[in-house]
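Geometric and topological summary
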Amino acid sequence: MSSPLERLAAGALGWLGGHLDHFDPFSPSAPPTALARAKATLELALLCHCASRLPEPPEALGGARALVSKLWQDPDLPRLFTEVPAHASTYALVYAALAPDAIDAALVRAARAELDPGFLAARGKSAYQRIEIRHYADKAGVAHAVEPYAELVPLSPLVAYRAAAPGDAASPDGAPLTEPQAYAVTHTAFYLGDFGRTAPGLDGEALEHARDLVGRLLRHCVGHDRWDLLAELVLTQYILGDEPLDTPAGAAAVECLVRAQRPDGALPGRSAALAAHASAPAGELFSKAYHTTLVTALMALVVSSPRPS
């Protein structure tokens, strides 16, 4: 019998593979705004990139890999990023970092060359922003002026954030951190640990603090059916060196995701409160479901695979 993680991955990958037309930003089925189209395409590329490094990359992503390879050689894709000025530099950097192997990389080289040196500098940016830029710039082979990770880790959300004390809740529902802070914690772990490929550079009290903070967030999100954060936090546990299914909070999170997954494989929203109705039109379902379904697939694939040696 397959494990809960294997069932989550198989269902999620099946649903994603059946909705590739929605991930194609130039398809009639694509989301309505340039921001939503660019974000969905880049997230699909990230899943393909991370899955390609696994000992056994899933065959179910074959169609997604082909779509990403085609799009990364389409001059309209980097032009799409310019339609989202607030995110244009970040999206161009991620585009360069996630370029598939064995493509004509002329457009990627052009995108790297056009990046503003000011965007790649540390000045005026939070530690979290600097970690994100360094992660993707290093992956893209782009020169930058961000300090080494060893200097950034003590300042990072994983170490610097403190859970709210009883009676001093960080949010109306009593969460240990605000929603933006929770996402900063998970994404910091993703960048420092390269989505499960490397050690994140924490040890001693800093590591114990990060593990405790993630455990508190997991328990809260299980209680409130916060599905996308649950998937991200389980992957964060793994990056921090835990085996999530061997921890009460990680096991409860996976069970929560299994319960939430629809028969067609989709996780229907970021949370139970925001889930798409069973009769929602295809475009609405995709907009609400794709991110949580994708991050659940990513988590399940990475956590169920052997750790890199």
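The structure contained in this document is the topic of the report that follows. (Residues numbered from 1 in each chain as written. Predicted model: local features only at pLDDT ≥ 70, side-chain atom pairs only at ≥ 80, totals over all residues. Heavy atoms only, no water.)

**Focus on the overall build of the protein chain**
Of regular secondary structure, the protein chain possesses 15 helices and 0 strands. At 19 Å, the protein chain has a C-alpha radius of gyration in line with the 19 Å of a compact globule built from 309 residues. Counting only C-alpha atoms, the protein chain reaches 50 × 50 × 40 Å along its principal axes. The burial tally for the protein chain puts 53% of its 309 residues in the buried class. Of the accessible surface of the protein chain, which amounts to about 13600 Å², a share of 55% is contributed by carbon and sulfur atoms. (Helix = DSSP H or I, 4+ residues; strand = E, 2+ residues; numbered from the N terminus. Rg over C-alpha atoms; globule rule 2.2 N^0.38 Å. Buried < 20%, exposed > 50% of the residue type's maximum accessible area, 1.4 Å probe, protein only. Areas by Shrake-Rupley, 256 points an atom, 1.4 Å probe, with all protein chains shown as cover.)

**Focus: the packing of helix α8 (residues 127–140) against helix α11 (residues 179–192)**
Packing of α8 against α11 leaves a shortest axis separation of 9 Å and a crossing angle of 35 degrees. You can see that α8 and α11 cross each other, and the crossing is left-handed. Across the interface between the two elements, Y128, I131, E132, H135 and Y136 of α8 pack against A184, H187, T188, F190, Y191 and L192 of α11. Grouping the amino acids of the contact of α8 with α11 by side-chain chemistry returns 7 nonpolar, 3 polar and 1 charged. (Axes fitted to C-alpha atoms, helices over the stretch in contact; angles between N-to-C directions. Left-handed = near helix turned anticlockwise from the far one by under 90°. Contact = heavy atoms within 4.5 Å. Nonpolar A, V, L, I, M, F, W, Y, C, P; charged D, E, K, R; others polar.)

**Here we look at the packing of aromatic side chains**
Throughout the structure, instances matching the rule amount to 11 aromatic pairs. Ring geometry for W15 versus F286: centroids 6.2 Å apart, planes at 15 degrees, classification stacked. With W15 in helix α1 (residues 4–17) and F286 in helix α15 (residues 282–303), this residue pair connects regions lying 271 residues apart in the sequence. The exposure class assigned to W15 is buried, which follows from its relative accessible area of 2%. When its relative accessible area of 1% is taken as the criterion, F286 is described as buried. Three or more aromatic residues joined by ring pairs make a cluster, and in this case those are Y128, Y136, F190, Y191 and F195. A cation over an aromatic ring shows up here: R307 above the ring of Y238, its NZ or CZ 3.8 Å from the ring centre. (Phe/Tyr/Trp six-rings, centres within 6.5 Å; stacked < 30°, edge-to-face > 60°. Lys NZ or Arg CZ within 6 Å of the ring centre and 35° of its normal.)

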